[in-house]
Amino acid sequence: MNESILALREELAQAQRICVMTGAGISAESGIPTFRGSSGLWRNHNPAELATREAFTRNPALVWEFYNWRRTLIAAARPNPGHEALARLEARTPQTTLMTQNVDGLHRLAGNTSVLQLHGNIWETRCTGCGRVQEQRTPDLGSNPRCEKCGAALRPNVVWFGESLNEELLGKAFAAASTCEIMLTIGTSAVVQPAASLAGTAKRAGAVVAEINLERTPNSLFMDYVILGKAGEILPQLVP
Ligand code: BV8
Ligand code: ZN
């Protein structure tokens, strides 16, 4: 086991207040494609061109096809050893705040209870008319699901590019990042804001910051640890 993993494992064992930020990379070993990188494209669409309000207004059926495809994929996915290690971390250190950019719900399925889903939840719809939010577990909702109450079009209850994140969630995330002793950032390319800036917030507040990812990112420059590799292989070594 490399000495960075050994040292970080020791620091994690001592810490009382831990923050974890995850991105699509932690769900890759559960079979869910990431956004960027070779497997990221979907039928020559760039997901970022589908995850916008403009795309939904222009072609709601195509956006629903994208989300129905992802919901079907996620419905078949299970938490992997990386998710399970983070559930053990929260069980061992109750003041562990897990903030995720992912909308797949796998952290809650793995057993984490304090989860900030900064970009929303793919299993919920929101009405574009009356704003009603509903959990809908049927993977394929068809090309034009409508609200039972007011008849308006339903959209996925996720945060699209150009949309603001939930203020309360974001406030909790920055508060946790400002007071934690250690922050782990796992499986994220650290290009999407404001999520990517939370690691810098933790660093400036004096936390030890560690990046676990397949590749280096813009945040690698200020990390105390950069551990390159698969989350599903590294996290179980950090949290046995
Ligand atoms: C906002 C939900 C204020 C939907 C997502 C210009 C115009 C307009 C906006 C902007 C602009 N410039 C900047 C912005 C702001 C924009 C932004 O940051 N854009 C970036 C791309 C430049 N941000 C926003 O718009 C945010 N809102 O700023 O509001 C505002 C208001 C009005 C106007 C302007 C600003 C909203 C951002 C949220 C967007 N929604 N998702 C859905 O999921 O369907 S973001 C989407 O990207 C996902 O949530 C995803 O999680 C997220 C980040 O991607 P990653 O998770 O990092 O995934 P990625 O594929 O990139 O990387 C995976 C990494 O894992 C890789 O590094 C890979 O090496 C690694 N990996 C792979 N396998 C493994 C692994 N690591 C370990 N183990 C493995 N096995
Ligand atoms: Zn409605």
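Look up a bit, the structure's there.
A short tour of the structure in this document, coming up.

1. Considerations on the site of ligand 1
Near ligand 1 you find 34 residues, and of these R36, Y67, R70, G162 and S189 are the closest. Bound to the protein, ligand 1 loses 74% of the 1500 Å² it would expose on its own. Of the residues that constitute the shell around ligand 1, the class distribution is 14 nonpolar, 14 polar and six charged.

2. Details of the sheet that holds strand β6 (residues 154–158)
Judged by pairing direction, the sheet is antiparallel, and its three strands sit side by side in the order β5-β4-β6 without closing on themselves. Among the strands making up the open sheet, the edge pair consists of β5 (133–135) and β6. The sheet shows a mean angle of 40 degrees between the axes of neighbouring strands, taken without regard to direction. Contacts between helix α5 (residues 60–75) and the sheet are confined to β4 (120–127) and β6, with β4 contributing the most and set at about 140 degrees to the helix.

3. Brief notes about the nonpolar core
One broad trend across soluble globular proteins is that nonpolar side chains are buried collectively. Ranked by size, the top nonpolar core spans 25 residues in total, and within it L184, I186, L235 and L238 carry the most contacts. Counting only elements with at least two residues in this core, the list comes to α1 (3–14), β1 (18–22), α6 (81–92), β7 (182–186), β8 (208–213), β9 (225–228) and α10 (231–238). Looking at which element gives the most residues to this core, the answer is α10, with four residues. Look past the residues within four positions of L184 in its chain and what remains in contact with it is L8, L12, C19, V20, M21, L89, A210 and I212.

4. Some points on the sheet that holds β1
Across the sheet, which stays open at both edges, the six strands sit in the order β3-β2-β1-β7-β8-β9 with parallel pairing between neighbours. Two strands close off the open sheet at either side, each with one partner strand: β3 (115–117) and β9. Taking each pair of neighbouring strands and ignoring which way they run, the sheet shows an average axis angle of 15 degrees. Relative to β7, β1 runs parallel, the two sharing five bridges. Paired with T22 across the bridge in β7 is I186. In this fold α6 packs onto β1, β2 (96–100) and β7, with an angle of close to 160 degrees to the strand it touches most, β1.

5. Focus on the pairing of β7
Counting buried residues in β7 gives five out of five residues, a clear majority hidden from the surface. Burial of β7 is two-sided: the residues I182, L184 and I186 facing one way and the residues M183 and T185 facing the other way are all buried. As a crossover connection, the stretch from β7 through helix α9 (residues 198–204) into β8 is right-handed.

6. Some details on the packing of α1 against α10
Axes are the key here: two packed helices are described by the angle between their axes and the distance separating the axes. Between α1 and α10, the least distance of the axes is 9 Å, while the angle of their chain directions is 55 degrees. Judged by the inter-axis angle, α1 sits oblique to α10. Contacts between α1 and α10 involve I5, L8, R9 and L12 from the former and I234, Q237 and L238 from the latter. Looking at the contact of α1 with α10 residue by residue, the class counts come to five nonpolar, one polar and one charged.

7. So, the side chain of N213
Tracing the backbone shows N213 in strand β8. Given a relative accessible area of 8%, N213 falls into the buried group. Here N213 is in contact with G187, T188, I227, L228 and G229, once residues within four sequence places are set aside.

8. Quick word on the pattern of salt bridges
In a structure, side chains of opposite charge can pair up when their charged atoms sit close to one another. A complete count under the given rule lists seven salt bridges for this structure. Measuring nitrogen to oxygen at the nearest pair gives 3.7 Å for the salt bridge that ties E181 to R17. One end of the pair, E181, is in the loop between α8 (167–179) and β7; the other, R17, is in the loop between α1 and β1, with 164 residues separating them in the sequence. Overall, E181 belongs to the partly exposed group, its relative accessible area being 29%. With a shortest N-O distance of 2.8 Å, R53 and E163 are connected by a salt bridge. Here E163 lies in the loop between β6 and α8 and R53 lies in helix α4 (residues 53–58), a separation of 110 residues in the sequence. Here E163 falls in the buried class, since its relative accessible area comes to 13%.

Calculation rules
Residues numbered from 1 in each chain as written. Chains lettered and ligands numbered in written order. Predicted model: local features only at pLDDT ≥ 70, side-chain atom pairs only at ≥ 80, totals over all residues. Heavy atoms only, no water. Near = heavy atom within 4 Å. Areas by Shrake-Rupley, 256 points an atom, 1.4 Å probe, with all protein chains shown as cover. Nonpolar A, V, L, I, M, F, W, Y, C, P; charged D, E, K, R; others polar. Pairing = 2+ DSSP bridges. Helix = DSSP H or I, 4+ residues; strand = E, 2+ residues; numbered from the N terminus. Axes fitted to C-alpha atoms, helices over the stretch in contact; angles between N-to-C directions. Contact = heavy atoms within 4.5 Å. Core = buried A, V, L, I, M, F, W, Y, C linked by side-chain atoms within 4.5 Å. Buried < 20%, exposed > 50% of the residue type's maximum accessible area, 1.4 Å probe, protein only. Right-handed = clockwise from strand over helix to strand, strands pointing away. Parallel < 35°, antiparallel > 145°, perpendicular 65-115°, else oblique. Salt bridge = Lys/Arg side-chain N within 4 Å of Asp/Glu carboxyl O.

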